[in-house]
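Here are the chains, one letter per residue:
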Amino acid sequence: MKEHVVVLTGAGISAESGLSTFRDADGLWERYAIEDVATPEAFARNPELVLDFYNQRRRQLKDVEPNAAHRALAQLERTHRVTIITQNVDDLHERAGSTNVIHLHGELTRVRSSGHPHLVYERGYEDIYLGDMCELGTQLRPHIVWFGEAVPMIEQAAEIVPLADHLLVVGTSLQVYPAAGLVELVDVGVPVTVIDPGEVQTLSHARVIRESAGTGVPRWVEALIAG
Ligand code: APR
């Protein structure tokens with residue numbers, strides 16, 4: 001029976017691919033106000049500003065590549081059962097080859113009807129504009145979980161973490177709930193490893209590897225496979 005590795009990732013795992021994190025010095029929330037671009041009220045108040053914010057991030061995603069951390073986690077599937085629970089909206093885990101990815105905060109490459117949330121469409125790296133409508137005639141919006149909105153995938157994620165034989169936490173400041181609360185669900189005695197060059201408030205019994213994802217994750221995966 002293959003051991004089950006559950007990986008909780010955040011923006012830091014995509015930093016070395018060239019995508020901004022949120023709360024680092026040059027982070028997105030240093031340049032934009034959350035209430036202007038990442039809430040339902042913002043979309044109602046100024047939909048063009050919100051659509052442009054995500055159009056810019058979607059265009060950038062087309063021009064970047066997965067890094068060694070994403071690739072190492074994909075390779076781990078050869079010897080382990082791997083579930084990736086990501087807060088990221090980029091598609092870099094999938095493009096690196098990971099096959100079991102849960103996006104807690106949505107996906108940049110998908111859009112959905114603002115009037116009928118079950119109508120979700122693949123959009124790839126294309127822009128969406130005011131006036132782009134779903135098949136039932138309501139405005140398309142990014143398929144992103146905005147602040148104040150429900151996190152539909154959290155129930156599924158909360159069922160998976162207790163099944164982990166190893167929990168790996170990479171590139172997240174663990175400041176946003178309910179995602180951050182997932183680390184509390186791991187079974188007693190299950191090893192928890194945090195890979196992050198910065199300070200992360202996390203479980204007291206976690207092993208912290210103060211390295212970048214691109215360096216730390218391949219090393220961690222190699223050691224796990226070597227047993
Ligand atoms: N390798 C690993 N970790 C890194 C790297 C790197 N090269 N560079 C930065 N980090 C770490 C930072 O030290 C920090 O702990 O990545 C983390 C980034 O934290 P945040 O910017 O807060 O990103 P994240 O935790 O993913 O944010 C959670 O907040 O704004 C919302 O919905 C958004 O999903 C996002 C959520």
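All of the points below concern the structure found in this document. (Residues numbered from 1 in each chain as written. Predicted model: local features only at pLDDT ≥ 70, side-chain atom pairs only at ≥ 80, totals over all residues. Heavy atoms only, no water.)

**Considering the nonpolar core**
With 26 residues, the main nonpolar core has Ile85, Leu104 and Leu182 as its most contacted residues. Elements that contribute at least two residues to this core include exactly strand 1 (4-9), helix 7 (154-160), strand 7 (166-170) and strand 8 (192-195). In this view, Ile85 contacts Val6, Val7, Leu8, Thr9, Ile102, Leu104, Ala157, Ile160, Val161 and Leu182; residues no more than four positions away in its chain are not counted. Counting residues in hydrophobic clusters, the runner-up holds 23 residues, among them Trp29, Val37, Val64 and Val111. (Core = buried A, V, L, I, M, F, W, Y, C linked by side-chain atoms within 4.5 Å. Buried < 20%, exposed > 50% of the residue type's maximum accessible area, 1.4 Å probe, protein only. Helix = DSSP H or I, 4+ residues; strand = E, 2+ residues; numbered from the N terminus. Contact = heavy atoms within 4.5 Å.)

**Examining the site of the ligand**
Around the ligand, the structure places 22 residues, and the nearest of them are Arg23, Trp29, Thr172, Ser173 and Asp196. One nitrogen or oxygen atom from the main chain of Phe22 is found 2.8 Å from an oxygen atom belonging to the ligand. One of the side-chain N or O atoms of His105 is found 2.9 Å from an oxygen atom in the ligand. Surface burial for the ligand is 91%, taken as the share of its 740 Å² of free accessible area covered by protein chains. Of the residues in the shell around the ligand, the class split is eight nonpolar, ten polar and four charged. (Near = heavy atom within 4 Å. Polar contact = N/O pair within 3.5 Å; in protein donor to acceptor, adjacent residues only side chain to side chain. Areas by Shrake-Rupley, 256 points an atom, 1.4 Å probe, with all protein chains shown as cover. Nonpolar A, V, L, I, M, F, W, Y, C, P; charged D, E, K, R; others polar.)

**Quick look at the packing of aromatic side chains**
Per the stated rule, a full pass over the model turns up seven aromatic pairs. Between the aromatic rings of Trp29 and Phe147, the centroid separation amounts to 6.3 Å while the plane-to-plane angle is 65°, which identifies the pairing as edge-to-face. Of this pair, Trp29 sits in helix 1 (residues 28-31) while Phe147 is found in the loop between strand 6 (140-144) and helix 7, placing the two residues 118 residues apart along the sequence. The exposure class of Trp29 is buried, given its relative accessible area of 17%. Judged by relative accessible area, Phe147 falls into the partly exposed class, the value being 35%. Seen in terms of ring centroids, Tyr32 and Phe53 are 4.7 Å apart; in terms of plane orientation they differ by 65°. Their pairing is edge-to-face. Of this pair, Tyr32 sits in the loop between helix 1 and helix 2 (34-37) while Phe53 sits in helix 4 (residues 47-62); the two residues are 21 residues apart in sequence, bridging distant segments of the chain. Overall, the relative accessible area of 25% leaves Tyr32 in the partly exposed class. (Phe/Tyr/Trp six-rings, centres within 6.5 Å; stacked < 30°, edge-to-face > 60°.)

**Overview of the pairing of strand 1**
Within strand 1, six of the six residues are buried, which leaves it mostly tucked inside the rest of the structure. The side-chain alternation of strand 1 yields two buried faces, one formed by His4, Val6 and Leu8 and the other by Val5, Val7 and Thr9. Pairing between strand 1 and strand 2 (residues 81-86): six bridges, direction parallel. Bridge pairing in strand 2 links His4 to Arg81. In the sheet, strand 1 pairs with strand 7 via five bridges, with the strands oriented parallel. (Pairing = 2+ DSSP bridges.)

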